[in-house]
Amino acid sequence: MWQAFDFSLESLLTRASELLQAPEGPINSLFAYFSFEHGSSWENSFRGAMKHSLENQIEIFPYFRDLARRKRFGIQNLDADNWAESIPWIITPVLKEFDFTGSVPDGKGVFIYSSGTSGKRSKVVLDELSLIRTVAALVKVYTDMGLADTEACHCLFMGYAPSAAHGAASAGTDQLVSLLTPQRSKFFALDFDANGQIKFFKDEAVNYLHDCVSEGSPIRVFGFLHFFCKVLSEYNKKFGKVKFPEKSLVLSGGGWKEFASDYGPSFNIYDFFRDHSSLAASQLRDSYSLAEHPILFVQCENNRFHIPSFSEVIIREPRTLKPLDFQQIGLIQLLTPLISSYPSCSILTTDFGYIERTCACGRPGPILSLAGRAGKNKLANCAIVADSYI
Amino acid sequence: MSYKIFKTGHTYLQSEPYSAVELKKELENVKARYFLEEVVAPDQAIEVLGRIAALMESSSFLATQMVSCFDNAGLSKFDQSYLIRTLRAYLLPSNLRARWKRAFGVDGNISPAGFVAHIGASNTILGGLDGLIDGIISGNFNILKLPKPDGGLPGLLVEALFSVDTTNVLKGNIFAFWWKGGDKSIELTLKQYLDRVVIWGGQEAVLSWKRDLAMQTQAIIHGPKYGVGVITKDGLDSAKLPELAESLAWDISRWDQRACNSIQGLFVESKVPGDQLNQFLKILGNQLDAMANTMPPIRDNDDCVEILKAREVATAEEIINGSLVQFRGESWTINLWRRWSSGLIPSCLNRYLHIMPFVDLRHLARGLYEDRIWLQTLGYCASPDELSSMRACMGKIGISRICPFGRMSTPTGSDPHDGNYDLRLLTCVMSD
């Protein structure tokens, strides 16, 4: 039986910082690299880390072991040139249907849940070490992206309050990211109302935003863009265009493309922000991750998702599953060695995307672009589920 | 984007979708003339519809236009040409008269119900067309929700009807336009006028349409269906395995399982020895491969992802719980379950079949009882002695059509649908 991992977000950040200061061991060595480094030295380290992780997961998880056997995968495959492509993957619906939390020896851990598709949610457990590594990765990525700051800011969460989150991965991530900068004030837009029902407090969010604008300190917006768009629209009706103080940022967790049809076929989120606020496109830094692969891909000022050095991405053709080249659209496969408490090394998502070699921002490493969700029964994400509260 | 409106025998093109205000005005106009006009006799309607069948035979232009409606519909070329031939045969006067006779028996005092809306399923290209034909020959005023703004296949056939109806027999009784499903202003307006609404769709569509119906409105529902197959030991013992496999492969491959009569689950009597079943499955696999040559599946990326997801979840089930064995070909998948007690296991379609064991027909019927709302067609391989009890058992759980394998996907045009004739439900029989 897993014991709840009793921690505060602040203590997690402290332990993550300790790991970053002294990254030892084949997996932690990845933290010594710049967050977006993908050169040959990094590749050797990543390969070594994946080897360590795979050996562990093949031993611990009978399902993964059997899968590897069926796909004729052995650790020796990692010595070949296209080693990453040979690693067997687990598709995300398997993690929604089956609970792997019983496979790992009991210990302390935290359960995180995906938003679910048709009522099914992935439930994964992060043991203590996996959780600290995940948080360390988050800290490193945001810091190396220049998004950690010393100036205190107001925090507007367009997502769940802690008590209303029910383990939703997005809520924890938002709060952790918010702690990278001192907080002057905070407000959660999705919370319990007086009747104990989760409600979207839109009017209150609008008023809070107005107070923050008046006060003048930078504002950081976290959570779902869909809700933020509604707040911006309402704000404009009441107070006019939002004049964000300098150094304000939107650090969102996706959740607007699914609602693009609400806004019309020609909707462009950047144009929307420009029309409703003083925010430039470079101030909107969306992120991409999954509960099954909780390593954040964060946008740069050119709004491109940089692949962090804790992950590798392979794009696969949906019919043949053949690995595709740069700029070819296919299913996104995500690899990471950071997590040990569920079979997480290699996850095949049902998202379409493509990789490009470089970004105009000048940071090293490839970038990932998303090209929609795959499958007839489109996956719901947190934003769609939360939309039911509007 | 342009929006086609079909009414009073003309096709109109608008730059905006038809509005609730326009709809109300049109329905009031129809209501005003409702009592002034004679009811169109079935024979007259059938004769005009027959002209469309003749036009489909003679006009390569119409055939080409119909084929273009199948773009991106996921139908193989084989299924496309079969659908066109089936539609033509459906519209033949001989078929429509047979349909009328089977529905009503002898002629009687039969009156139309009045205003009938036909709401087609969004994932089919027919879009409620077969219901519309019933609505036409029964003399009703028919409102058809088009599957897309340009009319799609139903729009094409309505236009064809307008062109052949040179004596204005039916033109005034058909009104077709597109609206976004769930548009409350349109749907609430419409619901005030309806005597019948024929709904083809999923649970959400059905429940949405049943809500707020007026007192006088009856809903005729054709929801999603799951075709089942049954193989008994006696049936398998006396079957010629290659022929049986070919028939079953045909039923699995037709329409890539998208039709309401498509088989998704096959129940095999548990008395059948494992090696006999395995031998049959090997032959079935070969036949499915052969079908892929005759009827190559048309799959887009989303279809491939659905198959991938289903296969991997089943593989995980196989590894973790040992509850099934999976067989795969390039174009097909079979999950052979070791145990089954109750319930349907949905298939992702695209030639993906679940095979479950059953003890006897009563066990099978009990196990499927809670899911009877989804049942319609049953294909069988059984001995003649077993058929009577099969009909009795399966009739209790909503099976409305039983046939040998090879015919599941090809009901005749005069067969009832979901156990009844919409013709009866779209009319009133007046007694003396």
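A quick note: this is a predicted structure, and the numbers were derived from the prediction, not measured.

A. Quick peek at the overall build of chain B. Helix and strand counts for chain B stand at 16 helices and 16 strands. Taken over C-alpha atoms, the radius of gyration comes to 23 Å for chain B, in line with the 22 Å a tight globule of 432 residues would show. The dimensions of chain B, computed from C-alpha atoms along their principal axes, are 70 × 55 × 45 Å. Burial status across chain B gives 55% buried among its 432 residues. Partitioning the intrachain contacts of chain B with sequence separation of at least 6 by distance along the chain shows that 72% fall at a separation of at least 24. Accessible surface, chain B as shown: approximately 19100 Å² in total, 53% of it carbon and sulfur.

B. Examining the sheet that holds strand β9 (residues 249-252) of chain A more closely. Residues and elements named next belong to chain A. Spatial ordering of the open sheet is given by β7-β6-β5-β8-β9, a layout of five strands whose pairing is mixed. Two strands lie at the open edges of the sheet, namely β7 (198-200) and β9, each paired on one side alone. Sheet twist, expressed as the mean angle between neighbouring strand axes with direction ignored, is 25 degrees. Examined bridge by bridge, strand β6 (residues 183-192) and β7 share three bridges and lie antiparallel to one another. Counterpart to F192 in the pairing with β7 is I198.

C. Representation of the packing of helix α3 (residues 60-68) of chain B against helix α7 (residues 152-164) of chain B in the model. Residues and elements named next belong to chain B. Relative orientation of the contacting elements α3 and α7 amounts to 160 degrees, with a least axis distance of 9 Å. By the angle class used here, α3 and α7 are roughly antiparallel. Seen from above, α3 lies across α7 with right-handed handedness. Judged by residue contacts, L62, Q65 and M66 of α3 engage L153, L156 and A160 from α7.

D. Spotlight on helix α6 (residues 129-137) of chain B. Residues and elements named next belong to chain B. Burial of α6 is extensive: eight of the nine residues sit out of reach of the surface. Three or more residues of α6 are buried, namely L129, G131, L132, I133, D134, G135, I136 and I137. Within two residues after α6, G139 carries a phi angle of roughly 80 degrees, on the positive side.

E. Here's a closer look at the interface of chain A and chain B. The partner chain B presents 19 residues to the 26 residues of chain A that form the contact. Each partner contributes to the roughly 1900 Å² buried at the junction of chain A and chain B, and carbon and sulfur atoms together form 68% of this total. Broken down residue by residue, the surface that chain A buries against chain B is led by F98, R319 and K376 of chain A, which jointly contribute 31%. Across the chain A-chain B interface, the total number found is one salt bridge. Note that R70 of chain A and E318 of chain B form a salt bridge whose closest N and O atoms lie 3.6 Å from each other. Broken down by secondary-structure element, the contributors of at least two residues to the side of chain A that touches chain B are α3 (62-70), α5 (92-97) and β15 (346-356) of chain A.

F. Spotlight on the pattern of salt bridges. Scanning the entire structure with this criterion turns up 31 salt bridges over all chains. Between E151 of chain A and K247 of chain A there is a salt bridge; the shortest N-O distance is 3.1 Å. Of the two residues, E151 of chain A is situated in the loop between α6 (128-144) and β5 (153-160) and K247 of chain A in the loop between α9 (225-239) and β9; the sequence distance between them amounts to 96 residues. Several salt bridges converge on common partners, so that one network encompasses D66, R69 and R70 of chain A together with E318 of chain B.

G. A look at the sheet that holds strand β14 (residues 375-381) of chain B. Residues and elements named next belong to chain B. Taken in spatial order, the seven strands make up an open sheet running β11-β12-β13-β10-β9-β14-β15, and their pairing is mixed. Since the sheet does not close on itself, it has two edges, and those belong to β11 (324-328) and β15 (401-404), each with one partner. The average angle at which neighbouring strand axes cross in this sheet is 20 degrees, direction not considered. Both β11 and strand β12 (residues 333-337) contribute to a ladder of five bridges, which runs antiparallel. Residue Q326 lies in a different strand from β12, and its bridge partner there is N335. Running at roughly 140 degrees to β11, helix α13 (residues 301-321) makes contact with β11, β12 and β13 (352-358) of the sheet. Across the face of the sheet, helix α15 (residues 384-395) comes into contact with β9 (226-231), β10 (263-269), β14 and β15 while running at roughly 165 degrees to β14.

H. Up close: the nonpolar core. Membership of the largest hydrophobic core comes to 84 residues, with the highest contact counts inside it found for L54, V94 and Y142 of chain A. With nine residues, the top contributor of residues to this core is α6 of chain A. The residues contacting Y142 of chain A, other than those within four sequence positions of it, are L147, A148, V177, L180, L251, S287, L296 and V298 of chain A. Grouped together as the second largest cluster of nonpolar side chains are 49 residues, L75, F104, L153 and A160 of chain B included.

The rules we used
- Residues numbered from 1 in each chain as written.
- Chains lettered and ligands numbered in written order.
- Predicted model: local features only at pLDDT ≥ 70, side-chain atom pairs only at ≥ 80, totals over all residues.
- Heavy atoms only, no water.
- Helix = DSSP H or I, 4+ residues; strand = E, 2+ residues; numbered from the N terminus.
- Rg over C-alpha atoms; globule rule 2.2 N^0.38 Å.
- Buried < 20%, exposed > 50% of the residue type's maximum accessible area, 1.4 Å probe, protein only.
- Contact = heavy atoms within 4.5 Å.
- Areas by Shrake-Rupley, 256 points an atom, 1.4 Å probe, with all protein chains shown as cover.
- Pairing = 2+ DSSP bridges.
- Axes fitted to C-alpha atoms, helices over the stretch in contact; angles between N-to-C directions.
- Parallel < 35°, antiparallel > 145°, perpendicular 65-115°, else oblique.
- Left-handed = near helix turned anticlockwise from the far one by under 90°.
- Buried area = accessible area lost by both parts, 1.4 Å probe.
- Salt bridge = Lys/Arg side-chain N within 4 Å of Asp/Glu carboxyl O.
- Core = buried A, V, L, I, M, F, W, Y, C linked by side-chain atoms within 4.5 Å.

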